[in-house]
Amino acid sequence: HIQDPASQRLTWNKPPKSVLVIKKIRDASLLQPFKELCVYLTEENNMIVYVEKKVLEDPAIANDENFGPVKKKFCTFREDYDDISNQIDFIICLGGDGTLLYASSLFQGSVPPVMAFHLGSLGFLTPFNFENFQSQVTQVIEGNAALVLRSRLKVKVVKEHREKATVQNGIEENGVVSANLEKEVGKQIMQYQVLNEVVVDRGPSSYLSNVDVFLDGHLITTVQGDGVIVSTPTGSTAYAAAAGASMIHPNVPAIMITPICPHSLSFRPIVVPAGVELKIMLSPDARNTAWVSFDGRKRQEICHGDSISITTSCYPLPSICFRDPVSDWFESLAECLHWNVRKKQNNFAVEEEE
């Protein structure tokens, strides 16, 4: 049985009580919409509003006496310090697509439904306009909305933990001649949930990157070029599209592998089934290290012996649709990327018969 994307609907077991409001930082144009939304949520719907602490440090919010009584009702948190993952019923984003990526990064497990308002520069993932926000938010609270489940990638980075010894004239402090200045003292493991893409690139080096890509334990190719992008269908319209990949609807279960400027005429982007495990490592004969980032964040260096394992996460991001998953996606393609937009060809004029 193949599921109809239109059958994915938002239903609440009980009315939502807590909402996380994510606002783009350092954008003065969002201050008024942010205040209006928070007043509506707290006073009209009697909801508990969670806001990141640094959002309230904006002087325009901190010095607003009229907003003070509303602000006192907020629950605040700090990224990387406070875990709010079990306290949020749904999320509202004000800004661009980056706010949705940021919301994803806050939830390393199950993600609440996300309602994203287009107040940024691109707005491919943010289908709602803020003009009629009251009726639209009420509709979501009542549970009358379509959903698209955006798959995420579960990424595990395993690094060889190295410790540099103090060496003088090639002899360690204990008097033993040092053949290698680095000592392996264990492994460091980090995990991430990624909504758009994992990017492995050559970093500041002038050499081509040289990384091996394994699929379910089998070496499928070596990437020689500027790097490689492993993306979700949601990320297919981001960096992968700029690198020449096809654009894939978020309901398609897939993982995309797209080379960045490959030094080969025959290396084309490929799509593999969701659920396979990809592993990326530096090639043994690579001249330099590589660098990796996750949705454009947490950028770090990858050395020989390190590995990046990628598979489909069992925790997708439920994104609330403006209309439905298909209409929203094609509308975003046309409006944001101007997909297949051109002047129409004129038809032949029909000559009247004499």
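Every value quoted in this text rests on a predicted model; they were computed, and no experiment measured them. (Residues numbered from 1 in each chain as written. Predicted model: local features only at pLDDT ≥ 70, side-chain atom pairs only at ≥ 80, totals over all residues. Heavy atoms only, no water.)

I'd love a proper account of the overall build of the protein chain, names of residues and values included.
For the protein chain, the count of helices and strands is seven helices and 22 strands. Its C-alpha atoms put the protein chain at 80 × 80 × 40 Å along the principal axes. The burial tally for the protein chain puts 46% of its 354 residues in the buried class. Pairs at least 24 apart in sequence give 71% of the contacts found in the protein chain among residues at least 6 apart. Here the protein chain has roughly 19600 Å² of accessible surface; of this, 49% comes from carbon and sulfur atoms. Counting 33 positive and 42 negative side-chain charges, the protein chain places the averaged centre of each group 5 Å from the other. (Helix = DSSP H or I, 4+ residues; strand = E, 2+ residues; numbered from the N terminus. Buried < 20%, exposed > 50% of the residue type's maximum accessible area, 1.4 Å probe, protein only. Contact = heavy atoms within 4.5 Å. Areas by Shrake-Rupley, 256 points an atom, 1.4 Å probe, with all protein chains shown as cover. Lys, Arg positive; Asp, Glu negative; His and termini not counted. Charge placed at Lys NZ, Arg CZ, Asp CG, Glu CD.)

For the sheet that holds strand S19 (residues 290–294), give the residues involved together with the corresponding values.
Strand pairing in a sheet is mediated by backbone hydrogen bonds. Such pairs are either parallel or antiparallel. As summarised here, the arrangement of the six strands in space is S17-S16-S15-S12-S19-S20, forming an open sheet in which the pairing is antiparallel. With one partner strand each, in any of the chains shown, strand S17 (270–273) and strand S20 (297–302) form the two edges of the open sheet. In this sheet, neighbouring strand axes are inclined to one another by 20° on average, regardless of whether the strands run parallel or antiparallel. With five bridges connecting them, strand S12 (residues 197–201) and strand S15 (residues 227–231) associate as antiparallel partners. Within S15, the residue paired with valine 200 across the bridge is valine 228. (Pairing = 2+ DSSP bridges. Axes fitted to C-alpha atoms, helices over the stretch in contact; angles between N-to-C directions.)

Explain the domain arrangement of the protein chain residue by residue, including any values.
Domain parsing of the protein chain yields domain 1 (9–151 + 316–337) and domain 2 (153–161 + 186–312). Taken together, the contact between domain 1 and domain 2 spans 21 residues of the former and 18 residues of the latter. Interface area, domain 1 with domain 2, both sides summed: about 1600 Å², of which 57% is carbon and sulfur. In terms of surface lost to domain 2, no three residues of domain 1 exceed Leu101, Ser151 and Trp329, which account for 37% of the buried area on that side. If you look at where domain 1 meets domain 2, you find one salt bridge. A salt bridge links arginine 297 to glutamate 79; the nearest nitrogen and oxygen atoms lie 2.9 Å apart. (Domains from an automatic or database assignment. Buried area = accessible area lost by both parts, 1.4 Å probe. Salt bridge = Lys/Arg side-chain N within 4 Å of Asp/Glu carboxyl O.)

Give me the lowdown on the confidence of the model for the protein chain, citing residues and values where you can.
For the protein chain, mean pLDDT is 89; residues scoring 70 or higher make up 92% of the total. Every residue in residues 165–184 is under pLDDT 50, and counting partners more than four places away or in other chains gives 24 contacts. (pLDDT = per-residue confidence, 0-100.)

Explain the pattern of salt bridges residue by residue, including any values.
If you walk through the whole model with that rule in mind, you get eight salt bridges. A salt bridge links aspartate 226 to arginine 202; its shortest N-O distance comes to 2.8 Å. Linking aspartate 226 in the loop between strand S14 (218–225) and S15 with arginine 202 in the loop between S12 and strand S13 (209–215), this pair joins segments that are 24 residues apart in sequence. The exposure class assigned to aspartate 226 is partly exposed, which follows from its relative accessible area of 23%.

Describe the pairing of S19, with residues and values.
Within S19, four of the five residues are buried, leaving the element largely enclosed by the surrounding structure. For S12 and S19, the ladder comprises four bridges, and the chain directions are antiparallel. Its bridge partner lying in S19, valine 199 is registered against serine 293. The pairing of S19 with S20 spans four bridges and is classified as antiparallel. Note on S20: the bridge partner recorded for alanine 290 is isoleucine 302.

Please give an account of the packing of helix H1 (residues 31–44) against helix H5 (residues 133–141) that cites residues and values.
Closest axis-to-axis distance for the H1/H5 pair is 11 Å, and the angle between their directions is 45°. In terms of orientation, H1 lies oblique with respect to H5. Remark: the crossing between H1 and H5 carries right-handed chirality. Packed against H1, whose contacting residues are Glu36, Leu37, Tyr40 and Leu41, the element H5 presents Phe133, Gln134, Val137 and Thr138 at the interface. Of the residues belonging to the contact of H1 with H5, the class tally is five nonpolar, two polar and one charged. (Parallel < 35°, antiparallel > 145°, perpendicular 65-115°, else oblique. Left-handed = near helix turned anticlockwise from the far one by under 90°. Nonpolar A, V, L, I, M, F, W, Y, C, P; charged D, E, K, R; others polar.)

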